Amino acid sequence: MPTELNNTAVLLGSAWLVLGIAYPGMPTRGFRREPPEPRPKAGEHAVGAAASQ
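I will try to describe carefully the structure that is included in this document. (Residues numbered from 1 in each chain as written. Predicted model: local features only at pLDDT ≥ 70, side-chain atom pairs only at ≥ 80, totals over all residues. Heavy atoms only, no water.)

### Let's talk about the overall build of the protein
Going by this rule: Only DSSP runs of H or I covering at least 4 residues are called helices, and only runs of E covering at least 2 are called strands; the numbering of each starts at the N terminus. Summary of the burial criterion: residues with accessible area below 20% of their type's maximum are buried, those above 50% are exposed, and those between are partly exposed, where the area comes from a 1.4 Å probe applied to protein chains only. Each accessible area value is a Shrake-Rupley result obtained with a 1.4 Å probe; residue values ignore everything except the protein chains displayed when judging cover.
Counting its regular elements, the protein contains 2 helices and 0 strands. In the protein, which comprises 53 residues, the proportion classed as buried is 4%. Just so you have it, the protein exposes about 5,300 Å², and 63% of that area is on carbon and sulfur atoms.

Structure below.
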């Protein structure tokens, strides 16, 4: 092993790395399209709606 870390630590770190790349990659279809716009929470107004009033 190139590091002196415990095998469990390397396994967990590798899993976090894979999840950190896969999670944002799914809604963007492999980073080929723009990420979806965040939806406003209940009771919040969209930024554009407040400016047009």
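### Here we look at helix H1 (residues 7-25)
Short version of the rule: For a helix, the expected span equals 1.5 Å multiplied by the number of residues minus one. Pairing of N or O atoms within 3.5 Å defines a polar contact, subject to two protein rules: one partner must be a possible hydrogen donor and the other a possible acceptor, and residues neighboring in sequence count only if both atoms are side-chain atoms.
Look at H1: 27 Å from first C-alpha to last across 19 residues, which is about the 27 Å you get at 1.5 Å a residue. Here H1 starts with a cap whose side-chain oxygen sits 3.2 Å from the backbone nitrogen of Thr8, and that cap is Asn6.

### Section: a nonpolar patch on the surface
Convention followed: Patch criteria: residues need more than 30% relative accessible area and no salt bridge. Like-charged residues are merged within 9 Å; nonpolar side chains of Val, Leu, Ile, Met, Phe, Trp and Tyr are merged within 5 Å. A pairing counts as a salt bridge when a side-chain nitrogen of Lys or Arg comes within 4 Å of a carboxyl oxygen of Asp or Glu.
Nonpolar side chains collect at one region of the surface, where Leu12, Trp16 and Leu19 lie side by side and expose about 400 Å² of accessible area between them. Structurally, Trp16 is set in helix H1.

### Focus on the environment of Gly25
This is how the line gets drawn: By definition, residues are in contact when any of their heavy atoms lie within 4.5 Å.
Secondary-structure assignment places Gly25 in helix H1. Along the backbone, Gly25 and Pro35 are 10 residues apart, and their C-alpha atoms lie at a distance of 9.0 Å. With near-sequence residues (within four places) excluded, Gly25 lies in contact with Gly30 and Phe31.

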